[in-house]
Amino acid sequence: MNVELVITTLLATALLSAVPLALASVGEALGERAGLLNLGTEGMMLLGAFSGFWVALKSGSLGLGLLTGAVIGLVCGLAFGLIAVVVGADQVLLGLGFTLAGGGLTAFLFRESFGSRQPLLAESMGRPFRGVADAVPIVGQAILGQAWFFYLAWIIVAGAALGLKYTTFGLRIRAVGDAPDAVDTLGISVRATRVYAAMCAGTLAGLAGASLSIVEVGFFQPNVTHGIGFIAIALAMLGRWNPTRIALMAILFGMLRGLGSGLQLADVPVQSDFVQLLPYIGVVIALVVTSRGISLPAALGVTWTRRK
Amino acid sequence: MKKRLLPILLIVMMLNPLGLLAASQEVNLVSIVTPASRTNQAWDQQGVDNLVATGDEMGFDVDVAENAGYEDITPILQDMTDDGADLIICHASGYQTVCPEYAAQSGVPVVVIENPGAVTEGLISDIETEAQEAAYLAGVLAGLETTSGTVAIVVTGEPPTWNYMTVGFAEGLHSVKPDATLLYVMVGEAAYDDAPGAKRVTETVLAAGADIVFGMGDGAAFGMIQAIREFNTDREPADQARFIDVIGDKSDSEARDFLLTSVLFDYTGAYTSLVGDLEAGTFGSVYTMNVENNGVRLLDPPIPVDKEVLQTVDETRDSIIAGDITVSSIGDAAGMHDRLKELFPEGR
């Protein structure tokens, strides 16, 4: 067995699998910082995954598919934001509704579109740094041998981190999640800020779904997200709504998930149940060690109305 | 749960000699409940498609409840009963408890999978998939076809059906290539639809040198297929990996270029027998699908395979039917792992 190649593959798949998780989780964090608890991430991911895959398959353009997934996510985010913020619907019920609707609708549309066929994307995404990947042993191929969207996704995550911390819009998002009344007294629209945040969150969720079906897996099938949306919600909270911390947690989660395969290949005598639990245990331990004074955004999940 | 089940079963058994439950009946509607999609080109689709075909042949209607998952399916079973089901097929070994219990409570005949202990005259029948015999043949084919000497088994769980086939495959591989390296990796517990996970794991076993992957995955099998497809891109034919599938026939899918074979399941024989028995008033038996009755068989390789290799596989099949080769029937996970270690102590 070529151990070096196995480690490289485990690392590469772990990093790639962290992309949709990180995107969705950062999106969820943006929404939660603005006071919106969106349990519909899973459904939005599925809608982004299906629409992105469908367009990529029909057009032959993977980039267009990713863009479609993001746009569908944006529309979902807008709908979620308007219903939660303007109509004042219960955010928990609304989110669960999105998840159920996303799952059911994509399963229905998939069957209507393809029947019992399972089309796979023939195109594979360009790998811009593949030529230089072999220069660095083990991690070279794992990091530099990835598809171009891999790098774009991490740039988006970094952009979200910087935007949340250093821009006016980022400051407003944080403020409406913690002290919406204070924001309102400054003449800034709490509702509009929250709707914009929901649109950002939906866009990232849709893009996460599309990246899963187009970049990571290469096809769509009902429930292809397999619970990633819910893990993303947990990761957003455990990562204290900090995109950098969330990204690191997503990578750690992916690596520990890959470690399970590695342990099995090495024939390490551990219970398979324990192997499956590894990523969850690892992330919780990491957070217990690194987190202090964690507190929810004060207005999370609370519908805001102007006081008279 | 068992405490409630036992007294009811006792009452059923006492009533049976009176002929109250084993009476013949006309079968107009047969319902089937599946854990996943009826179009997953695997376990669920094969069961539904075969039942529909049997219904067309025998003249009964079919009611399908798909995507039922592995939670409590009692409300679904009740709905089916309300809709007039004469027979309910619980198409998953994961329904081993809930379906016998429901049958005992409602009196509606049910069919369970891999649970012969639940068989009750007039009320509960069981289907046993002796797929280890066909998996043995797949193992022989893999052993004769591997060029790297490393073969992988990728599973999406460890239910009895998968474990039977894992052991059968390993024994077949061992019979022709005892020095092979056999890799065994599980994607996750009940990860039957975890296509991303199946793809990641398959990429890993390919990196570990496997050139033939025996994948048991249901919907997740397409993750394995996509991993092999990407692996084979830009590789010479001699260096390409091949896939052995289970249950369904994917020779018209994108796997056709590297699909070595598949362990095909055909439930039509079992369904025909059990519906016939229900109509005749003799319901309540174990129906076995094996190589001899063609309930399980190997798909003719969609890709070119040497004639001598195929002849060896055919001869092995004849030996199994003649009883000259006995394939172990091991359904529990611990027993399966022990058997793999016994067969390939160094090669895992």
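Everything numeric here is computed off the predicted structure, so don't read it as measured data.

## Considering the overall build of chain B
Consideration 1: Counting its secondary structure elements, chain B contains eleven helices and twelve strands.
Consideration 2: At 21 Å, chain B has a C-alpha radius of gyration in line with the 20 Å of a compact globule built from 348 residues.
Consideration 3: Principal axes of the C-alpha set define a box for chain B whose edges measure 65 × 40 × 40 Å.
Consideration 4: Buried residues in chain B amount to 60% of all 348 residues.
Consideration 5: At a minimum sequence separation of 6, the contacts of chain B that also span at least 24 residues come to 73%.
Consideration 6: Summed over its atoms, the accessible surface of chain B is roughly 13000 Å², and 47% of this surface lies on carbon and sulfur atoms.
Consideration 7: Computed over 18 positive and 55 negative side-chain charges, the inter-centroid distance for chain B is 8 Å.

## Observations concerning the pattern of salt bridges
Residues and elements named next belong to chain B.
Consideration 1: For the structure on display, the rule yields nine salt bridges over all chains.
Consideration 2: Between arginine 242 and glutamate 145 there is a salt bridge whose closest N-O contact spans 2.6 Å. Of the two residues, arginine 242 sits in strand β9 (residues 242-247) while glutamate 145 sits in helix α5 (residues 132-145), which places them 97 residues apart along the sequence.
Consideration 3: Note that glutamate 171 and arginine 339 form a salt bridge whose closest N and O atoms lie 2.6 Å from each other. Taken together, the residues span a long stretch of sequence, with glutamate 171 in helix α6 (residues 160-176) and arginine 339 in helix α11 (residues 333-343) at a distance of 168 residues.

## What about the packing of aromatic side chains?
Consideration 1: Counting across every chain of the model gives 20 aromatic pairs over all chains.
Consideration 2: A centroid spacing of 5.9 Å and a plane angle of 65° characterise the contact between Phe80(A) and Phe98(A), whose relative ring orientation is edge-to-face. Here Phe80(A) is found in helix α3 (residues 62-87), whereas its partner Phe98(A) is found in helix α4 (residues 91-114), with 18 residues between them in sequence. No difference in accessibility class separates Phe80(A) from Phe98(A), as the two residues are buried.
Consideration 3: Both rings, one in Trp43(B) and one in Tyr267(B), keep their centres 6.0 Å apart while their planes meet at 90°; by these two values the pair is edge-to-face. Note that Trp43(B) is positioned in helix α2 (residues 43-58) and Tyr267(B) in the loop between β10 (259-265) and α9 (268-280), a separation of 224 residues in sequence.
Consideration 4: A residue is classified by how much of its surface remains accessible, and Trp43(B), at 6% relative accessible area, is buried.
Consideration 5: Three or more aromatic residues joined by ring pairs form one cluster here, namely Phe50(A), Phe53(A), Phe110(A), Phe114(A) and Phe220(A).
Consideration 6: The ring of Phe231(B) has Arg235(B) lying over it, and the distance from NZ or CZ to the ring centre is 3.7 Å.

## Observations concerning the state of the cysteines
Consideration 1: In the structure shown here, the tally under the stated rule is one disulfide over all chains.
Consideration 2: Between the sulfur of Cys90(B) and that of Cys99(B) lies a disulfide, 2.0 Å long from S to S. Judged by the sign of its S-S torsion, about -100°, the bond between Cys90(B) and Cys99(B) is left-handed.
Consideration 3: Distance from the sulfur of Cys76(A), which forms no disulfide, to the nearest cysteine sulfur (Cys200(A)) is 14 Å.
Consideration 4: Its relative accessible area of 9% is what places Cys76(A) among the buried residues.

## What to know about the environment of Leu74(A)
Consideration 1: Its place among the elements puts Leu74(A) in helix α3.
Consideration 2: Linking Leu74(A) and Thr203(A), residues 129 residues apart in sequence, is a C-alpha distance of 4.2 Å.

## Observations concerning the sheet that holds strand β2 (residues 61-65) of chain B
Residue and element names in this part refer to chain B.
Consideration 1: Reading across the sheet, the six strands line up as β2-β1-β3-β4-β5-β11 and stay open at both edges, with parallel pairing between neighbours. Because the sheet does not close on itself, it has two edges, and the strands there are β2 and β11 (286-289). Taking each pair of neighbouring strands and ignoring which way they run, the sheet shows an average axis angle of 20°.
Consideration 2: Here strand β5 (residues 124-129) pairs with β11 via four bridges, running parallel. Following the sheet pairing, aspartate 126 is matched in β11 by valine 286.
Consideration 3: Docked against the sheet, helix α4 (residues 98-106) engages β3 (87-90), β4 (110-113) and β5, running at close to 165° with respect to β4.
Consideration 4: Along the sheet face, α9 touches β1 (29-33), β3, β4, β5 and β11 and points at about 160° away from the line of β11.

## So, the confidence of the model for chain B
Residue and element names in this part refer to chain B.
Consideration 1: The share of residues in chain B with pLDDT of 70 or more is 93%, and the mean pLDDT across the chain is 89.
Consideration 2: The weakest mean pLDDT in chain B belongs to helix α1 (residues 2-15) at 50; the strongest belongs to α5 at 97.
Consideration 3: With pLDDT under 50 throughout, residues 12-22 is counted as low confidence; its partners more than four residues away or in other chains account for twelve contacts.
Consideration 4: Scored as a whole, the predicted complex attains pTM 0.85, and scored at its interfaces, ipTM 0.87.

## What about a nonpolar patch on the surface?
Residues and elements named next belong to chain A.
Consideration 1: Together, Val268, Val270, Phe274, Leu277, Tyr280, Ile281, Ile285 and Val289 line one region of the surface with nonpolar side chains, adding up to about 680 Å² of accessible area.
Consideration 2: Its place among the elements puts valine 289 in helix α13 (residues 272-290).
Consideration 3: A relative accessible area of 61% means that valine 289 is categorised as exposed.

## Notes on the interface of chain B and chain A
Consideration 1: Across the contact, 35 residues belong to chain B and 34 residues belong to chain A.
Consideration 2: Carbon and sulfur atoms make up 53% of the area that chain B and chain A hide from each other, which totals about 2900 Å².
Consideration 3: Interface area lost by chain B to chain A is led by Arg200(B), Thr204(B) and Ala207(B), which between them contribute 19%.
Consideration 4: At the junction of chain B with chain A, the criterion picks out two salt bridges.
Consideration 5: Residue Arg200(B) is joined to Glu216(A) by a salt bridge in which the shortest nitrogen-to-oxygen separation is 2.8 Å.
Consideration 6: Here chain B is connected to chain A by eight residue pairs in polar contact (both at pLDDT 80 or more).

## Quick notes on the packing of helix α2 (residues 41-59) of chain A against helix α11 (residues 228-238) of chain A
Residue and element names in this part refer to chain A.
Consideration 1: Put simply, α2 and α11 touch, their axes get as near as 7 Å, and they point 130° apart. Here α11 runs oblique to α2, going by the angle between their axes. Judged by the twist between their axes, the crossing of α2 over α11 is right-handed. Of α11, the residues touching α2 (which contributes Thr41, Glu42 and Met45) are Ile228, Gly229, Phe230 and Ile233.
Consideration 2: Tallied by class, the residues present in the contact of α2 with α11 amount to four nonpolar, two polar and one charged.

## Structural notes on α9(B)
Residues and elements named next belong to chain B.
Consideration 1: For α9, which comprises 13 residues, the first-to-last C-alpha distance of 18 Å matches the rise-based estimate of 18 Å (1.5 Å per residue) to within 8%.
Consideration 2: On its buried face, α9 is in contact with β1, α2, β3, β4, β5 and β11.
Consideration 3: Of the residues flanking the end of α9, it is glycine 281, one or two places downstream, whose phi is positive at about 80°.

## A closer look at the pairing of strand β8 (residues 212-216) of chain B
Residues and elements named next belong to chain B.
Consideration 1: In terms of residue burial, β8 counts as a mostly covered element, since five of its five residues are buried.
Consideration 2: Bridge count for strand β6 (residues 150-155) against β8 is five bridges, and the pairing is parallel. Its bridge partner lying in β8, valine 155 is registered against methionine 216.
Consideration 3: Of the pairings in the sheet, the one linking β8 to β9 comprises three bridges and is parallel in character. Directly across from phenylalanine 214, in β9, lies its bridge partner isoleucine 244.
Consideration 4: Regarding the hand of the β-α-β motif, the stretch spanning β8, helix α8 (residues 221-232) and β9 is right-handed.

Scoring rules and cut-offs
- Residues numbered from 1 in each chain as written.
- Chains lettered and ligands numbered in written order.
- Predicted model: local features only at pLDDT ≥ 70, side-chain atom pairs only at ≥ 80, totals over all residues.
- Heavy atoms only, no water.
- Helix = DSSP H or I, 4+ residues; strand = E, 2+ residues; numbered from the N terminus.
- Rg over C-alpha atoms; globule rule 2.2 N^0.38 Å.
- Buried < 20%, exposed > 50% of the residue type's maximum accessible area, 1.4 Å probe, protein only.
- Contact = heavy atoms within 4.5 Å.
- Areas by Shrake-Rupley, 256 points an atom, 1.4 Å probe, with all protein chains shown as cover.
- Lys, Arg positive; Asp, Glu negative; His and termini not counted.
- Charge placed at Lys NZ, Arg CZ, Asp CG, Glu CD.
- Salt bridge = Lys/Arg side-chain N within 4 Å of Asp/Glu carboxyl O.
- Phe/Tyr/Trp six-rings, centres within 6.5 Å; stacked < 30°, edge-to-face > 60°.
- Lys NZ or Arg CZ within 6 Å of the ring centre and 35° of its normal.
- Disulfide = S-S within 2.5 Å.
- Pairing = 2+ DSSP bridges.
- Axes fitted to C-alpha atoms, helices over the stretch in contact; angles between N-to-C directions.
- pLDDT = per-residue confidence, 0-100.
- Patch = residues over 30% accessible without salt bridge, like charges linked within 9 Å, V, L, I, M, F, W, Y side chains within 5 Å.
- Buried area = accessible area lost by both parts, 1.4 Å probe.
- Polar contact = N/O pair within 3.5 Å; in protein donor to acceptor, adjacent residues only side chain to side chain.
- Parallel < 35°, antiparallel > 145°, perpendicular 65-115°, else oblique.
- Left-handed = near helix turned anticlockwise from the far one by under 90°.
- Nonpolar A, V, L, I, M, F, W, Y, C, P; charged D, E, K, R; others polar.
- Expected span 1.5 Å × (residues − 1).
- Right-handed = clockwise from strand over helix to strand, strands pointing away.

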